[in-house]
Amino acid sequence: MNVLEMTDSELYEIGIKILTEKLGDAEVPRFIRQCKPGKGDYSVDRHKLLADQPDIATIVKQIEDKREVWEAEERERAKRFAAPQSEIRKMTDIEIFEIGNQVLMNKLGPAGSIGFTWICQELNGGYPRGLIKNAEEAKEYIKIYTASLTFNPKIVEDYIKRGNAYNYIGEHDKAIADYDQAIKLKPDYAKAYYNRGNAYRDKVDFDQAIADYTKAIELDPDYVEAYYNRGKLYVEDDAYDKAIGDFGMTIKFDPEHSDAHGYRADLYRDIGEYDKAIAGYNMEMELCPGNPEVYYNRGTVYAKKGEYDKTIEDFSKAIELHPEFAEVYVKRALVYIRIGKFDRAIQDYDKVLELKPKSIAFYAARGIMSLHIEEWESAKLDLTFARNSGVDIIKVFHQIYASVLDFEQTNGVQLPEDIAVMLRRW
């Protein structure tokens, strides 16, 4: 097969085989580690190199002086390349990288050698090829891959990359057509089905997306992101058992997949498996220690278990990490109300109204809390403002208490008559 027509997985597989035959099993990882992602602006380096150069005659003399050294180095490189594996094992990483590059060039040619190196660079944390930053870049990629496919219409990876670019700008049908072509050329390529599944997902055709993710998994049983994306769609279908299974497989193949831990924990919470939910949030927290959402989510589970001290601790940590997280103040206020700390609930409602001054209903909530601590003027001001702004304060009050009498008996508080009148049903 033409190297240009190989998929990334095929090119990687054959490259590893070539390196193993030449270097030996133990030395291949040493080669791959040397495929480091590029850094910096090479045009700047080039300008520095060319700046303040001497005249042509001096440059020629310098080249002649270095020729003898260069020829000696070439003889040493040839000797190293011809060495048996037993000798290669004793060489430095740089020497092994040199030999590996040469054998890849000999076997795969320049395009194959460069392509394999790019794949290794991505494995080492380099910038993924074809990763799209914005719509303009996507349109440029479409032009590039269209030109490439005009020259050679059998390049599977270029159909996939152009499909990704089309999908990025919302042209899902064109993306699907490109993935279809990739599948036609390579029917057993899991990546093509996975990417087509993404396009169907973005087109909100979840059944077809699930079918494509399932096919990708059938072809590549440890396809982490296919399990993860299918799991999220099962959530949309309320198929919680299937979703939990898929997130479990995601975690099996990628134990540090924090989002999978979080999604599965959410589902365990929703079906009442609180201890499993907490364990999931603990793991997500270990992987993402500064994420306030995780503390908030774990706090909600502790609240469901009635462990209010732990709930308040988690909500407070979420607020520490994200002081403008209004929803946490609301939920913490409810916990304070449940344990009878009405003054602390009022403080949280103060913050909610500072962050969301148009959320008028919280004036009613704060006013009712003020009743508990007999702050009559504050209560009356809040309740009056809420009522005049369109809030049904009687309905809000009766969502908590059956009647004014119920409030008074429950809390041992006698309401002033003017406030009692505001809250009575007639």
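Placed above this text is the structure.
Residues numbered from 1 in each chain as written. Predicted model: local features only at pLDDT ≥ 70, side-chain atom pairs only at ≥ 80, totals over all residues. Heavy atoms only, no water.

Student: I would appreciate a short explanation of the overall build of the protein in the present structure.
Tutor: Within the protein, the secondary structure is distributed over 24 helices and zero strands. Here the protein, with 426 residues, has 42% of them falling under the buried criterion. Within the protein, residue pairs in contact and separated by at least 24 positions form 52% of the contacts whose partners lie at least 6 positions apart. For the protein, the exposed surface amounts to about 23,600 Å²; the carbon and sulfur share of it is 52%. (Helix = DSSP H or I, 4+ residues; strand = E, 2+ residues; numbered from the N terminus. Buried < 20%, exposed > 50% of the residue type's maximum accessible area, 1.4 Å probe, protein only. Contact = heavy atoms within 4.5 Å. Areas by Shrake-Rupley, 256 points an atom, 1.4 Å probe, with all protein chains shown as cover.)

Student: Help me understand the packing of aromatic side chains, please; the structure alone is not making it clear to me.
Tutor: Two descriptors summarise a pair of aromatic rings, namely the distance from one centre to the other and the angle between the planes of the rings. In the structure shown here, the tally under the stated rule is 17 aromatic pairs. With a centroid separation of 5.4 Å and an interplanar angle of 45°, the aromatic rings of Tyr296 and Phe325 are classed as tilted. With Tyr296 in helix α16 (residues 292–304) and Phe325 in the loop between α17 (308–321) and α18 (326–338), this pair connects stretches of sequence that are 29 residues apart. We classify Tyr296 as buried; its relative accessible area is 10%. Taken together, Tyr12, Phe31, Phe97 and Phe116 form an aromatic cluster joined through their ring pairs. (Phe/Tyr/Trp six-rings, centres within 6.5 Å; stacked < 30°, edge-to-face > 60°.)

Student: I'm lost on the packing of helix α10 (residues 190–202) against helix α11 (residues 206–219) in this one. Help?
Tutor: When two helices pack together, their arrangement is given by the angle between their axes and by how far apart the axes lie. Where α10 contacts α11, the axes come no closer than 8 Å and their chain directions differ by 165°. Between α10 and α11, the angle is such that the two are roughly antiparallel. Pair α10 / α11 crosses with left-handed handedness. Contact residues: α10 offers Ala190, Tyr193, Tyr194, Arg196, Gly197, Asn198, Tyr200 and Arg201, while α11 offers Phe206, Gln208, Ala209, Asp212, Tyr213, Lys215, Ala216 and Leu219. Grouping the amino acids of the contact of α10 with α11 by side-chain chemistry returns nine nonpolar, three polar and four charged. (Axes fitted to C-alpha atoms, helices over the stretch in contact; angles between N-to-C directions. Parallel < 35°, antiparallel > 145°, perpendicular 65-115°, else oblique. Left-handed = near helix turned anticlockwise from the far one by under 90°. Nonpolar A, V, L, I, M, F, W, Y, C, P; charged D, E, K, R; others polar.)

Student: Help me understand the pattern of salt bridges in this model?
Tutor: Side chains carrying opposite charge are able to pair once their charged atoms draw close together. Scanning the model with the defined rule gives 33 salt bridges in all. Across the salt bridge formed by Lys139 and Glu136, the nearest N and O atoms sit 4.0 Å from each other. Here the residue Lys139 and the residue Glu136 both occupy positions in helix α7 (residues 135–151), the gap between them amounting to three residues, near one helical turn. Measuring nitrogen to oxygen at the nearest pair gives 3.3 Å for the salt bridge that ties Glu307 to Lys310. Taken together, the shared-partner salt bridges in this structure form one network comprising Asp8, Glu157, Lys161 and Lys191. (Salt bridge = Lys/Arg side-chain N within 4 Å of Asp/Glu carboxyl O.)

Student: So what exactly am I meant to see when it comes to the side chain of Asn198 here?
Tutor: Position of Asn198 among the secondary structure elements: in helix α10. Here Asn229 takes part through its side chain, which lies 3.1 Å from a polar atom of the side chain of Asn198. Apart from the residues within four sequence positions on either side, Asn198 is in contact with Asn167, Tyr213 and Asn229. (Polar contact = N/O pair within 3.5 Å; in protein donor to acceptor, adjacent residues only side chain to side chain.)

Student: Mind showing me how you'd approach the nonpolar core here?
Tutor: Within soluble globular proteins, side chains that are nonpolar generally end up buried alongside one another. Core analysis: the biggest nonpolar cluster contains 92 residues, and Leu371, Ile393, Phe397 and Leu423 have the highest contact counts within it. Among the nonpolar cores identified, the runner-up in size contains 21 residues, and Leu11, Leu23, Phe31 and Met91 belong to it. (Core = buried A, V, L, I, M, F, W, Y, C linked by side-chain atoms within 4.5 Å.)

Student: Where do I start with the side chain of Asp8 in this structure?
Tutor: On the secondary structure map, Asp8 appears in helix α1 (residues 8–23). With a relative accessible area of 16%, Asp8 lands in the buried category. In terms of polar contacts, Asp8 uses its side chain to reach the side chain of Lys191, at 3.4 Å.

Student: Please explain a negative patch on the surface as it appears in this structure.
Tutor: A surface patch of like charges, here negative, comprises Asp205, Asp207, Glu236, Asp237 and Asp238. Its place among the elements puts Asp237 in the loop between α12 (224–236) and α13 (240–253). Asp237 gets classed as partly exposed once you look at its relative accessible area, which sits at 39%. (Patch = residues over 30% accessible without salt bridge, like charges linked within 9 Å, V, L, I, M, F, W, Y side chains within 5 Å. Lys, Arg positive; Asp, Glu negative; His and termini not counted. Charge placed at Lys NZ, Arg CZ, Asp CG, Glu CD.)

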